[in-house]
Amino acid sequence: REEKVREKMRDEKIKQLKINDEKAREKMRLEKQRRANAMREGIIVKEKDSLKGATKIFEITSDNLFDVDSFFDASQLTIKKIVIDFLSEHHEMKIDIVMTAEFKNLAGETITHHIHSGNDKLLAANNFERVYQLQTASVINRVEGYEMRDSGWSINKVISVHLNLY
């Protein structure tokens, strides 16, 4: 009887390990697919500056994405990886997103404008999505506000996003 109980427990453990393995494989498959999507969208990351590891600046660009929403959607996982790596070295951090965009008016003239999100404190990787949504919404709202103020300018393309971590 005791042997049957041990056998049943072992079978349950094996079953649970198989379920965990399947979940891990699915998670890896989705991550691989997301990375492939980011590569297809031409997301390029360059570390621009560093102050003894305490401050890091990353420039994120894309040859294929020009509208703000698509750019932020496609680069979210890339930015998350950068943030999690930075958090592994620091207990907390502040994050600031600065988007450089080209605006165009009806006459065809263009200007370059830098839109800051303002900074937010990030204490742990588990609240990255919330902070990222706040940061990107701030940039998007500022772009929309700029376009709606009868300025005559509308966004033509996203040139780059600087991710400032400190």
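Worth saying up front: this structure is predicted, and the values here are computed from it rather than measured. (Residues numbered from 1 in each chain as written. Predicted model: local features only at pLDDT ≥ 70, side-chain atom pairs only at ≥ 80, totals over all residues. Heavy atoms only, no water.)

1. Some thoughts on the overall build of the chain
To keep things clear, this is the line we draw: Per the convention used, a helix needs a DSSP run of H or I reaching at least four residues, while a strand needs a run of E reaching at least two, with both numbered from the N terminus. For a compact globule the rule gives 2.2 Å times the number of residues to the power 0.38, and the radius of gyration it is set against comes from C-alpha atoms. Only protein chains enter the accessibility calculation, which uses a 1.4 Å probe; a residue is then buried when its area is under 20% of its type maximum, exposed when over 50%, and partly exposed in between. Residue contacts are defined here by distance: any two heavy atoms, one from each residue, within 4.5 Å place the two residues in contact. Surface accessibility follows the Shrake-Rupley procedure with a 1.4 Å probe radius. Residue values consider only the protein chains on display as shielding. In this tally, Asp and Glu contribute negative charge and Lys and Arg positive charge; neither His nor the terminal groups of the chain are included. Here the site of a charge means NZ on Lys, CZ on Arg, CG on Asp, or CD on Glu.
Each helix and strand in the chain was counted, giving three helices and six strands. When the helices and strands of the chain are listed from N to C terminus, the series reads α-β-β-α-β-β-β-α-β. For 166 residues, the compact-globule formula gives about 15 Å, and the C-alpha radius of gyration of the chain, at 22 Å, lies well above that figure. Burial analysis of the chain (166 residues in total) assigns 33% to the buried set. The long-range fraction of contacts in the chain, counting pairs at least 24 apart against all pairs at least 6 apart in sequence, stands at 65%. Looking at the chain as shown, the accessible area adds up to about 11,100 Å², and 52% of this sits on carbon and sulfur atoms. Taken as two groups, the 29 positive and 28 negative side-chain charges of the chain have centres that lie 8 Å from each other.

2. What to know about the environment of Arg6
Along the chain, Arg6 turns up in helix H1 (residues 2-40). For the pair formed by Arg6 and Asp96, sequence separation is 90 residues and the distance between their alpha carbons is 54 Å.

3. Section: the nonpolar core
Where we set the bar: For the purposes of this section, nonpolar cores are sets of buried Ala, Val, Leu, Ile, Met, Phe, Trp, Tyr and Cys residues that join through side-chain atoms within 4.5 Å.
In terms of nonpolar packing, the biggest core is built from 32 residues, with Phe72, Val83, Met93, Met99, Leu163 and Leu165 touching the most fellow members. For this core, the secondary structure elements donating two or more residues are strand S2 (55-62), helix H2 (68-89), strand S3 (93-105), helix H3 (128-148) and strand S6 (153-165). Tallying contributions element by element places H2 first for this core, with nine residues. Non-local contacts of Met93, meaning those with residues more than four positions away in its chain, are made with Val83, Phe86, Leu87, Asp120, Lys121, Leu122, Leu165 and Tyr166.

4. Notes on the pairing of S3
The following threshold applies: For two strands to pair, DSSP has to find at least two bridges joining them.
The element S3 is extensively covered by neighbouring structure, given that 11 of its 13 residues are classed as buried. Summarising the sheet, S3 and strand S5 (residues 120-122) pair through three bridges and their orientation is antiparallel. Across the sheet, Lys94 pairs through a bridge with Lys121, a residue of S5. In the sheet, S3 pairs with S6 via 11 bridges, with the strands oriented antiparallel.

5. Concerning the confidence of the model for the chain
To keep things clear, this is the line we draw: The predictor rates its confidence in each residue with pLDDT, a number between 0 and 100.
For the chain, per-residue confidence averages 84 on the pLDDT scale, and 91% of positions sit at 70 or higher. When mean pLDDT is compared element by element in the chain, strand S4 (residues 110-116) scores highest at 93, while strand S1 (residues 43-51) scores lowest at 75.

6. Focus: the packing of aromatic side chains
Spelled out, the test is: Only rings of Phe, Tyr and Trp enter the pairing, Trp through its six-membered ring, and a pair is recorded when the two centres are within 6.5 Å. The plane angle decides the type: under 30 degrees is stacked, over 60 is edge-to-face, the rest tilted.
Scanning the entire structure with this criterion turns up four aromatic pairs. Note on Phe71 and Phe72: the rings are 6.3 Å apart at their centroids and 85 degrees apart in plane angle, and the pair reads as edge-to-face. Neither Phe71 nor Phe72 differs from the other in exposure class; each is buried. Each member of the aromatic cluster is reached from another via a ring pair, and the members are Phe71, Phe72, Phe128 and Tyr132.

7. Focus: H2
As a reminder, the rule being used: Expected span, for any helix, means 1.5 Å times one less than how many residues it has. To get the bend at any residue, fit one axis to the seven residues that end at it and another to the seven that begin at it, then take the angle between the two axes.
When the terminal C-alpha atoms of H2 are compared, their 30 Å separation across 22 residues agrees well with the 32 Å that a helix rising 1.5 Å per residue should span. Maximum bend of H2: about 50 degrees, positioned at Gln76. Taken residue by residue, H2 has Val68, Phe71, Phe72, Ala74, Ser75, Gln76, Ile79, Ile82, Val83, Phe86 and Leu87 as its buried positions.

8. Comments concerning the packing of H2 against H3
Definition in use: Note on geometry: axes are lines fitted to C-alpha atoms, helical ones only across the stretch in contact, with angles between N-to-C directions running from 0 to 180 degrees. Note: crossing handedness is left-handed where the near helix turns anticlockwise from the far helix by less than a right angle, and right-handed where it turns clockwise. Residue polarity is assigned by list, with Asp, Glu, Lys and Arg as charged and Ala, Val, Leu, Ile, Met, Phe, Trp, Tyr, Cys and Pro as nonpolar; anything else, Gly included, falls into the polar class.
Viewed as axis vectors pointing N to C, H2 and H3 meet at an angle of 145 degrees, and their least axial separation amounts to 11 Å. The interaxial crossing formed by H2 with H3 has right-handed handedness. Note on element contacts: H3 touches H2 through Phe128, Glu129, Tyr132, Gln133, Thr136, Val139, Ile140 and Val143, opposite Val68, Asp69, Phe72, Ser75, Gln76, Ile79, Lys80 and Val83. Taken together, the residues of the contact of H2 with H3 sort by class into nine nonpolar, four polar and three charged.

9. A word on a negative patch on the surface
Heads up, the rule is: Here the term patch refers to residues with relative accessible area over 30% and no salt bridge, with like charges joined within 9 Å and nonpolar side chains (Val, Leu, Ile, Met, Phe, Trp, Tyr) within 5 Å. Any Lys or Arg side-chain nitrogen found within 4 Å of a carboxyl oxygen on Asp or Glu counts as a salt bridge.
Residues Asp67, Asp69, Asp73 and Glu144 make up a contiguous surface patch of negative charge. One can find Asp73 in helix H2.

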